[in-house]
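Each chain is listed here by its residues.
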Amino acid sequence: FRAMNAIAAPDTEAVTAAPDRRDWLRVAGGMMFASGALVLLIRKADSWGDWGIFAALFIPALIMFAVVLAGRARGEALTGWQAGFLVFGTLLLLGSFLQLINAADGDTSASLNILWTFGVSAGVAVFTSLALRAPFQMLLGALLGLVAWLALWDKILTNPSGDTVRWLLIVLAAIFFVVAVVLTRAGRPQASDLITAAGIAAVIAAAISIASAAGAFNDTIGSLSGGAPKPS
């Protein structure tokens, strides 16, 4: 009877729940804005200095965060375009941090620089996810945190072996899983994103194991064949 009444009744609820097409326009606008900043950098990279490139990345990131925060300050619920702006802003922020290292004549491949750039970006993503209830930001923050985690242990252990990296990824996956359980009990929607990040870390660890096993198999084949060329 409820189904029949729903069919016969005016479709006011469906109209209310219809997606606002302006959200898609705003998402497209955010993508064009971020892409425009990158295209501008590509065209002006030779003529601009390192500090100019840093400003061209940092200012658009601040603008995207400011637009979302302004909407939330007016009491608006988080929408899809705002979540997209947070993602674009976080990625631009990471790029600006890396460019800041170049401007300061630093080494972007150094473990400490990778640690703080990805770590701070991950912290911003996690904070905005919890404060603004943006679940996808938690997944982005976890992935950025994964890079910072490996950079931290690379600095501590000085070029760890593949087996050590595998166990570090397994430990990180376990940490993500435990935090996801805590968030689930707290009723937070970000738990599923941490489960996804834990799965990604576990898959990378498994890939390292498979690569190590393949390397050991190649070495065994080479020794049995008397030094013949080994498959790659």
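Everything that follows concerns the structure shown earlier in this document.
For clarity, every value in this text was computed on a predicted model and none was experimentally measured.

Student: What am I meant to see in helix α8 (residues 162–185) here?
Tutor: For an α-helix the count is 3.6 residues per turn, leaving residues at separations of three or four pointing the same way. Spanning 24 residues, α8 covers 35 Å between terminal C-alpha atoms, matching the ideal 34 Å at 1.5 Å per step. Turning to α8, its buried residues number three or more, namely Val165, Leu168, Leu169, Leu172, Ala173, Phe176, Ala180 and Leu183. Phi turns positive, to about 75 degrees, at Gly187, one or two residues after α8.

Student: I keep staring at the environment of Gly80 and nothing clicks. Help me out?
Tutor: Turning to its location among the elements, Gly80 is positioned in helix α5 (residues 80–103). Look at Gly80 and you get partly exposed, because its relative accessible area is 48%. Sequence-wise, Gly80 and Ala134 are 54 residues apart; in three dimensions their C-alpha atoms are separated by 9.3 Å.

Student: Just to check I follow, could you spell out a nonpolar patch on the surface for this structure?
Tutor: A cluster of nonpolar side chains, contributed by Phe177, Val178, Val181, Val182 and Ile195, occupies part of the molecular surface with about 420 Å² of accessible area. Among the elements that make up the nonpolar patch, the one with the highest residue count is α8 (four residues). One can find Phe177 in helix α8. Overall, the relative accessible area of 47% leaves Phe177 in the partly exposed class.

Student: Which parts of the structure should I look at to understand the pattern of salt bridges?
Tutor: Pairing is possible between side chains that carry opposite charge, provided their charged atoms lie close to one another. Here the structure, examined in full by the defined rule, presents one salt bridge. Its salt-bridge partner being Arg166, residue Asp163 comes within 2.2 Å of it at the nearest N-O pair. Highlighted residues: Asp163 and Arg166, both in helix α8, separated by three residues, approximately one helical turn. Residue Asp163 is classed as partly exposed on the basis of its relative accessible area, which comes to 39%.

Student: Mind showing me how you'd approach unusual backbone geometry here?
Tutor: When glycine is set aside, most residues are seen to have a negative phi, and most peptide bonds are trans. Even without being a glycine, Asp105 presents a positive backbone phi close to 60 degrees. When you line up the elements, Asp105 lands in the loop between α5 and α6 (111–132). We note that Asn159 has phi near 60 degrees; this positive angle belongs to a residue other than glycine. Tracing the chain through its elements places Asn159 in the loop between α7 (135–157) and α8. Overall, the relative accessible area of 64% leaves Asn159 in the exposed class.

Conventions we followed
Residues numbered from 1 in each chain as written. Predicted model: local features only at pLDDT ≥ 70, side-chain atom pairs only at ≥ 80, totals over all residues. Heavy atoms only, no water. Helix = DSSP H or I, 4+ residues; strand = E, 2+ residues; numbered from the N terminus. Expected span 1.5 Å × (residues − 1). Buried < 20%, exposed > 50% of the residue type's maximum accessible area, 1.4 Å probe, protein only. Patch = residues over 30% accessible without salt bridge, like charges linked within 9 Å, V, L, I, M, F, W, Y side chains within 5 Å. Areas by Shrake-Rupley, 256 points an atom, 1.4 Å probe, with all protein chains shown as cover. Salt bridge = Lys/Arg side-chain N within 4 Å of Asp/Glu carboxyl O.

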